[in-house]
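Structural overview for review
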Amino acid sequence: MRRYDAWYRHITLVLCAHAYLAVTAAHAKIGGTESDDDLIPLTLGEVRRLLAHLITTTRPFDHTHRWSRWRRRHQYRARTAHYQQRLQLHQVRLEY
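Note that the structure is a prediction, hence the values are computed from the model and not measured.

Cut-offs and rules
Residues numbered from 1 in each chain as written. Predicted model: local features only at pLDDT ≥ 70, side-chain atom pairs only at ≥ 80, totals over all residues. Heavy atoms only, no water. Helix = DSSP H or I, 4+ residues; strand = E, 2+ residues; numbered from the N terminus. Buried < 20%, exposed > 50% of the residue type's maximum accessible area, 1.4 Å probe, protein only. Contact = heavy atoms within 4.5 Å. Areas by Shrake-Rupley, 256 points an atom, 1.4 Å probe, with all protein chains shown as cover. Expected span 1.5 Å × (residues − 1). Arc of directions from axis to C-beta. Core = buried A, V, L, I, M, F, W, Y, C linked by side-chain atoms within 4.5 Å. Salt bridge = Lys/Arg side-chain N within 4 Å of Asp/Glu carboxyl O.

**Details of the overall build of the protein**
Along the protein, the regular secondary structure elements total 3 helices and 0 strands. The N-to-C order of helical and strand elements in the protein reads α-α-α. Burial status across the protein gives 11% buried among its 96 residues. Contacts in the protein between residues at least 24 apart in sequence constitute 51% of all its contacts with a sequence separation of at least 6. Counting every atom, the protein has about 8,500 Å² of accessible surface; 58% of that belongs to carbon and sulfur.

**A word on helix α2 (residues 44–56)**
With 13 residues, α2 extends 18 Å between its outermost C-alpha atoms, agreeing within 8% with the 18 Å of an ideal straight helix rising 1.5 Å per residue. Turning to α2, its buried residues are Glu46, Val47 and Leu50. Each buried residue of α2 sits inside an arc of 100° when the element is viewed along its axis, so together they form one side. Residues of α2 that are exposed and angled more than 90 degrees away from the buried face: Arg48, Ile55 and Thr56.

**Structural notes on the nonpolar core**
Leu21, Ala25, Leu42, Val47 and Leu50 form the largest nonpolar core, which has 5 residues in total. Elements represented by at least two residues in this core include exactly α1 (4–30) and α2.

**Comments concerning the pattern of salt bridges**
Counted under the stated rule, the structure contains 4 salt bridges. Residues Arg66 and Asp62 are paired through a salt bridge, measuring 3.3 Å at the closest nitrogen-oxygen approach. With a gap of 4 residues between them, Arg66 and Asp62 both fall in helix α3 (residues 61–90), about one helical turn apart. By relative accessible area, Asp62 is classed as partly exposed at 47%.

Laid out in structure tokens, this is it:
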């Protein structure tokens, strides 16, 4: 940045955007529905991705929403399988 004013405006805008994404993700974690049990909670990255899709693409919101739910469900299943595999690998059997 050549001037302090430009840098200050940029950083202020970035911090405001990050705060907005953090609050949106926190509200999404609190306000989940019963059908969201098999989804990971919304993360900052996922909220940012959803906003970017809404702003930059011409696809309908329904498509973006279904894609996000599919992605979060896939991540939940992958995480669950990973944890189960780690648990099985690290179980110690003591036989006397």
